[in-house]
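These are the residues of each chain, in order.
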Amino acid sequence: MPRSSINPHTANTKLASMVLGCPALLSVLNRLNIKLGFGDTTVADICQRYGLSPGVFLMICNIYTFDTYRPNIEHLQPNDIGHIVAYLRTSHRYYTGVSFPRLHANIHTLLKSCDEVSRQVLDKFYDDYDQEVTKHFDYEESVVFPYIDQLLAQPQGTTHTSYRIEQFEQNHSNIEEKLNDLKNILLKYLTESCSSPLRTEVLMSIFTLEDDLTRHTLIEERVLAPLVAKLERQ
Amino acid sequence: MSSAKVYQVLLVEPSPLVGAGLLAILSKLREMHIIDHIADLSEFVERRHAMADVLIIAPSTLSHAELRNVRRYLPLQAPKLVALLSSPMEEAHAAQFDATIGLYDTHEQVAQKMRFVLKGTPQEAIDSNELTERELAVLACVAKGLTNKEISNMLNISINTVTTHRKRISHKLGIYSISGITAYAIMNKIVNITDL
């Protein structure tokens, strides 16, 4: 169900009630190394304890919780950019180190129980996709984030590179698309004979990952890119 | 019917305040499901938004030229189109919409207008996902790796028609990438794996 963002979370919201309303936040907390067992701690307190920017943390949580929430970058400061990049980097590590390898292994096992043609076709589909995902994250890790690091270290246009965040905005490839396709193939088009409890499990993990990536992309495109563009203009 | 169809609604409205207000009213209507609220069509994501049955859009987000033939310009084929007005609209433009909602409409008026719009929605326009013969032919070509231009020559149809077919295919199957289309075509024996 989409949740409408008429009352987004604030610094006074309790962390526990936020998670109870949106279990996907558990994964976000995990990436930020926030340990569970935080009792009735508020967002403001947890941010202070872990050295997080409350503005950035709240924005991330609201994006994950409310489908119609639109982040307002006017509420963020230039030095929040570093916090956003740090979060995106830990998210990348989570996707490339945990989510995708797990999905790959499960799909591989699932396909063993399928007919030869489906197995061949879907193995190839996933292998191609895997390469695309690796390329996507590599580009951000080796070009985009280092550029932003450099820009933050020496603002006022003293950067030597001709790279601009605009190039990221124009070339940002969509890695959720094929995940959506895979979801439909596994749900609707793979034959009934190819059934195992694993098929359900794989599908559920695709739903979770696709939703996660969509929100991750939103942070990159609607928050990070415009903030960096603003900094470039200064 | 107790298990009535739930209609997917997409809202395009640049004002967060107006958007949130309308969503609050719509969220009380059980037969409607809000897919998303976007500020303008630049935020449109085919995969997430194209399945909308009803598009509620602020005409202020469209240019005068686009409004003259609004359905042709829109990136989706929503069966129902509702204008969310903050200022008066030319009559010829308004005629293309199934209803208009004004800023001063009451809860009841909005609910009534939306129900009226949904009542006239033909089910088959929404539910039929079967591919036509032409679509199957285009699908096979896409799976074989042909470009739009090559498909257009081969089937003797315009490139524009090829793109329309491809959009419909993707929308019906829920598959948008070429490699996904290829996988589907092979698994359903529309093309042979050795043909590729």
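Residues numbered from 1 in each chain as written. Chains lettered and ligands numbered in written order. Predicted model: local features only at pLDDT ≥ 70, side-chain atom pairs only at ≥ 80, totals over all residues. Heavy atoms only, no water.

Here we take up the overall build of chain B. Secondary structure summary: chain B contains 11 helices and 5 strands in total. Referenced to the eigenvectors of the C-alpha coordinate spread, the extents of chain B come out at roughly 60 × 45 × 25 Å. Classification of the 196 residues of chain B by burial places 45% in the buried group. Excluding contacts between residues fewer than 6 apart, the proportion of contacts in chain B whose partners are at least 24 apart in sequence is 62%. (Helix = DSSP H or I, 4+ residues; strand = E, 2+ residues; numbered from the N terminus. Buried < 20%, exposed > 50% of the residue type's maximum accessible area, 1.4 Å probe, protein only. Contact = heavy atoms within 4.5 Å.)

All right, on to the overall build of chain A then. On a plain count of helices and strands, chain A comes out with 9 helices and 0 strands. The order of helices and strands in chain A, counted from the N terminus, is α-α-α-α-α-α-α-α-α. The principal-axis extent of the C-alpha atoms belonging to chain A is close to 60 × 45 × 30 Å. By residue count, 49% of the 234 residues in chain A fall in the buried class. Residue pairs at least 24 apart in sequence account for 75% of intrachain contacts in chain A once pairs closer than 6 positions are excluded. Per element, the accessible surface of chain A, about 11,300 Å² overall, is 53% carbon and sulfur. Taken as two groups, the 22 positive and 29 negative side-chain charges of chain A have centres that lie 4 Å from each other. (Areas by Shrake-Rupley, 256 points an atom, 1.4 Å probe, with all protein chains shown as cover. Lys, Arg positive; Asp, Glu negative; His and termini not counted. Charge placed at Lys NZ, Arg CZ, Asp CG, Glu CD.)

To continue, consider the environment of His49(B). All names here are of chain B. Among the structural elements, His-49 can be located in helix H2 (residues 46–49). Separated by 26 residues in sequence, His-49 and Pro-75 place their C-alpha atoms 9.5 Å apart. Beyond its immediate chain neighbours, meaning those up to four positions away, His-49 contacts Leu-10, Ile-35, Asp-36, Ile-38, Glu-43, Phe-44 and Leu-76.

Further remarks concern the domain arrangement of chain A. Residues and elements named next belong to chain A. Domain annotation for chain A reports domain 1 (15–70) and domain 2 (77–233). Counting residues at the interface gives 15 residues for domain 1, matched by 15 residues for domain 2. Around 1,400 Å² of area is buried between domain 1 and domain 2 when both sides are counted, 62% of it from carbon and sulfur atoms. The largest per-residue losses of area from domain 1 upon contact with domain 2 belong to Arg-31, Ile-63 and Tyr-64, which jointly make up 44% of the total buried on that side. At the boundary of domain 1 and domain 2, one finds 2 salt bridges. With a closest N to O distance of 2.7 Å, Asp-67 and Arg-215 form a salt bridge. At the surface where domain 1 touches domain 2, the tally comes to 7 residue pairs in polar contact (both at pLDDT 80 or more). (Domains from an automatic or database assignment. Buried area = accessible area lost by both parts, 1.4 Å probe. Salt bridge = Lys/Arg side-chain N within 4 Å of Asp/Glu carboxyl O. Polar contact = N/O pair within 3.5 Å; in protein donor to acceptor, adjacent residues only side chain to side chain.)

Attention now moves to the pattern of salt bridges. Considering all chains together, one arrives at 18 salt bridges over all chains under this definition. Taking the shortest distance from any N to any O, the salt bridge between Lys113(B) and Asp105(B) comes out at 2.7 Å. Because the salt bridges share partners, they merge into one network encompassing Arg70(A), Arg222(A), Asp36(B), Glu43(B) and Arg48(B).

Strands pair in a sheet through their backbones, by hydrogen bonds, and they do so in one of two ways: parallel or antiparallel. Residue and element names in this part refer to chain B. Here we have 5 strands laid out as an open sheet, ordered S2-S1-S3-S4-S5, and parallel in their pairing. Of all the strands in the sheet, the pair left with one neighbour each is strand S2 (32–38) and strand S5 (99–102). Between one strand axis and the next, the sheet turns through 20° on average, direction left out of account. Bridging between strand S4 (residues 80–85) and S5 involves 4 bridges; their strand directions are parallel. Residue Val-82 lies in a different strand from S5, and its bridge partner there is Ala-99. Relative to the sheet, helix H1 (residues 16–26) contacts strand S1 (7–12), S2, strand S3 (54–57), S4 and S5, its axis offset from that of S2 by approximately 170°. Helix H6 (residues 107–119) contacts S1, S2, S3, S4 and S5 of the sheet and is inclined by roughly 165° relative to S5. (Pairing = 2+ DSSP bridges. Axes fitted to C-alpha atoms, helices over the stretch in contact; angles between N-to-C directions.)

Turning next to the side chain of Lys178(A). Positionally, Lys178(A) belongs in helix H8 (residues 176–189). Setting aside residues no more than four positions away along its own chain, Lys178(A) makes contact with Phe125(A), Tyr129(A), Glu132(A), Ser177(B) and Ser179(B).

A separate point is a nonpolar patch on the surface. Taken together, the side chains of Val117(A), Ile193(B) and Leu196(B) make up a nonpolar region of the molecular surface, amounting to roughly 220 Å² of accessible area. Along the polypeptide, Leu196(B) turns up in the segment after helix H11 (178–187). For Leu196(B), a relative accessible area of 48% puts it in the partly exposed group. (Patch = residues over 30% accessible without salt bridge, like charges linked within 9 Å, V, L, I, M, F, W, Y side chains within 5 Å.)

For the structure shown, the criterion picks out 1 disulfide over all chains. With no disulfide of its own, Cys61(A) lies 7.9 Å from the sulfur of Cys47(A), the closest cysteine sulfur. (Disulfide = S-S within 2.5 Å.)

Helix packing geometry: the angle between the two helix axes and the distance between the axes. Residues and elements named next belong to chain B. Orientation of H1 relative to H6, taken along the N-to-C sense of each, is 70°, at an axis distance of 10 Å. Here H1 lies roughly perpendicular to H6, going by the angle between them. Contact with H1, carried on its side by Leu-22, Ile-25 and Leu-26, involves His-107, Val-110 and Met-114 of H6 and no other residues of that element. Of the residues belonging to the contact of H1 with H6, the class tally is 5 nonpolar, 1 polar and no charged. (Parallel < 35°, antiparallel > 145°, perpendicular 65-115°, else oblique. Nonpolar A, V, L, I, M, F, W, Y, C, P; charged D, E, K, R; others polar.)

This brings us to the pairing of S1(B). Residues and elements named next belong to chain B. Counting buried positions over the 6 residues of S1 gives 5, a clear majority of the element. Taken together, the 6 bridges between S1 and S2 define a ladder with parallel strand orientation. Bridge assignment links Tyr-7 to a residue of S2, and that residue is Met-32. Pairing of S1 with S3, which is carried by 4 bridges, proceeds in the parallel orientation. For Leu-11, the partnering residue across the bridge sits in S3 and is Ile-56.

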